[in-house]
Amino acid sequence: MDSKKLLRLTPVSLLVLISCVSSNPAGTNTVEPLDIGGTTPEASGLVRVITAADRSAHPPEPIATPFKVVHHFASIAPIPAGDASNDPNSGGTDSSGTSGASGTSSTTATPSPTPSPTPSPGGGGTSSDTAGVKTFAGSTPGFLNGTGTGAQFNGPVALAIDANKNIYVADTANNCIRKIDTLGNVITFAGDSNASGFLNAQGTSAKFNAPTGLAFDASGNLYVADSGNNCIRKIDASGNVTTFANTAGTQGAQNGAVASATFNQPYGIAFYAPTSTFYVSDAGGNLIRAIASGTVSTLAGDGTAGYKESQSGGGSDAEFNHPEGLAVGQDASGTVNVYVADTNNGALRVVSTQGGVTTSLQGAPGQDQLGHPGGVAIFDHYAFVAATKNEQIREFDTKAPVLPTFQNKLVAGGNTAGMTDGPLTSALFDDPAGIATIASGTLYVVDKTSSRVRKVSF
């Protein structure tokens, strides 16, 4: 058979092509699926092009049931002559980086799977890593730049990931911001690990005081909740550090212009690009604050440490107790919400950005159901929560019904503190605090007590 007449298609595009041909039997050329050594034609992704001359000599059998496919499909590409990487029978490398079977046996031929564009991360995912938990960087508590487990952190509590998949870690007890590239190389991006302080400067000449939450804006600037200094700092791409909000570092709950507004131990920070708004959990003030157009306002909370849902139609009468991590996402109605780890209440709270009304996805007064949750991350419509004292990562579907029918599920970890890598629910964490996700749904978690960055793949 002429190799130029072989085409590879994904399973979906194969069905589409067969459908088109079967509906037009009078066409000049036709295709038929090619069965490879017991592999189904749809699975092999190969078809044979039949010319008019071929058809007269060897009429193809009619297709009994036409296929109808309405999804987007991949383009059809010929197999280049001698291209082993595209030959399913060769020893080339597939799209996941895994070597194919060697030799020419066709019985082992399997195409690379096409990942789902929006998987449920807790039930699938698209990472090429084996599902499970592994240590990405860090070892024992300390301070050391290096690669992977050759580096050291000290009590990290939060992290953020830039557009190039570099990870930035709030190395809280070291009073600095660390950067981990995709190969696991750790450097100090900003801050002086030798001393806490409040100093704007370039890179490691700047000083922080127990930095916690991190968030990137649309331009790639990194914002830091400088908890011990009661302010929000900004680090541009070159590493230059300035003060974005509360330039004096005064403790309080004053709203107004960013320079003069005050905070009380700001802990978490999230950025919502469509409205260019930052949301801040003011842990010491038990408030959820918003920063937009150069102005700081209170989105929810009355400043009292407690557990109370909003009853007024707004958020000013709600109560939190030391809220820490937060993230922005949408619920089933399309409402944009801030999902808050209400740490001392052991709850996941939901604050509407359109009025501050608060509800709970999980939690009840005095029950600590989520074990002092420290961090929240959103992927698609899933909220992932670092249940710190429960030593677990849990998943919530933000578009599912709320309590009492709402249920969340365990994603990784057990009920015991430890430092064990391995399968998702066999692995152990030691006070997971901050959590972030990349576009594939892979999670990165900072283990506060073990001072490590863990990677969770599905």
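Keep in mind the model is a prediction, meaning the values are calculated, not measured.

(A) Up close: the overall build of the chain. On a plain count of helices and strands, the chain comes out with three helices and 30 strands. Burial analysis of the chain (458 residues in total) assigns 51% to the buried set.

(B) Region of interest: the sheet that holds strand 20 (residues 323–330). With antiparallel pairing, four strands are arranged side by side in an open sheet as 20-21-22-23. The open sheet terminates on both sides in strands that have one partner only, identified here as strand 20 and strand 23 (358–362). When strand polarity is set aside, the average angle formed by the axes of neighbouring strands in this sheet is 30°. Where strand 21 (residues 336–342) lies against strand 22 (residues 347–352), six bridges are found, and the strand directions are antiparallel. Directly across from Asp-342, in strand 22, lies its bridge partner Ala-347.

(C) Molecular detail of the sheet that holds strand 27 (residues 409–413). The sheet built from four strands is open, its strands ordered 24-25-26-27 with antiparallel pairing. Two strands lie at the open edges of the sheet, namely strand 24 (375–379) and strand 27, each paired on one side alone. Taken pair by pair, the neighbouring strands of this sheet meet at an average axis angle of 25°, ignoring direction. Direction of pairing for strand 24 relative to strand 25 (residues 382–387): antiparallel, over a ladder of five bridges. Its bridge partner being in strand 25, Ile-378 is matched across the sheet by Ala-383.

(D) The side chain of Thr-212, seen in detail. By secondary structure assignment, the location of Thr-212 is in strand 11 (residues 211–216). Here the side chain of Thr-212 touches Pro-266 through a polar contact of 3.4 Å, landing on its backbone oxygen. Among the polar contacts listed, one links the side chain of Thr-212 to the backbone oxygen of Tyr-267, at a separation of 2.8 Å.

(E) Inspection of the packing of aromatic side chains at higher detail. Taken as a whole and assessed by the stated rule, the structure comprises eight aromatic pairs. Feature note: the residues Tyr-223, Phe-244, Phe-271 and Phe-278 constitute an aromatic cluster, connected by ring pairs. Sitting over the ring of Phe-429, Arg-454 keeps its end group 5.0 Å from the ring centre.

Definitions and limits used
Residues numbered from 1 in each chain as written. Predicted model: local features only at pLDDT ≥ 70, side-chain atom pairs only at ≥ 80, totals over all residues. Heavy atoms only, no water. Helix = DSSP H or I, 4+ residues; strand = E, 2+ residues; numbered from the N terminus. Buried < 20%, exposed > 50% of the residue type's maximum accessible area, 1.4 Å probe, protein only. Pairing = 2+ DSSP bridges. Axes fitted to C-alpha atoms, helices over the stretch in contact; angles between N-to-C directions. Polar contact = N/O pair within 3.5 Å; in protein donor to acceptor, adjacent residues only side chain to side chain. Phe/Tyr/Trp six-rings, centres within 6.5 Å; stacked < 30°, edge-to-face > 60°. Lys NZ or Arg CZ within 6 Å of the ring centre and 35° of its normal.

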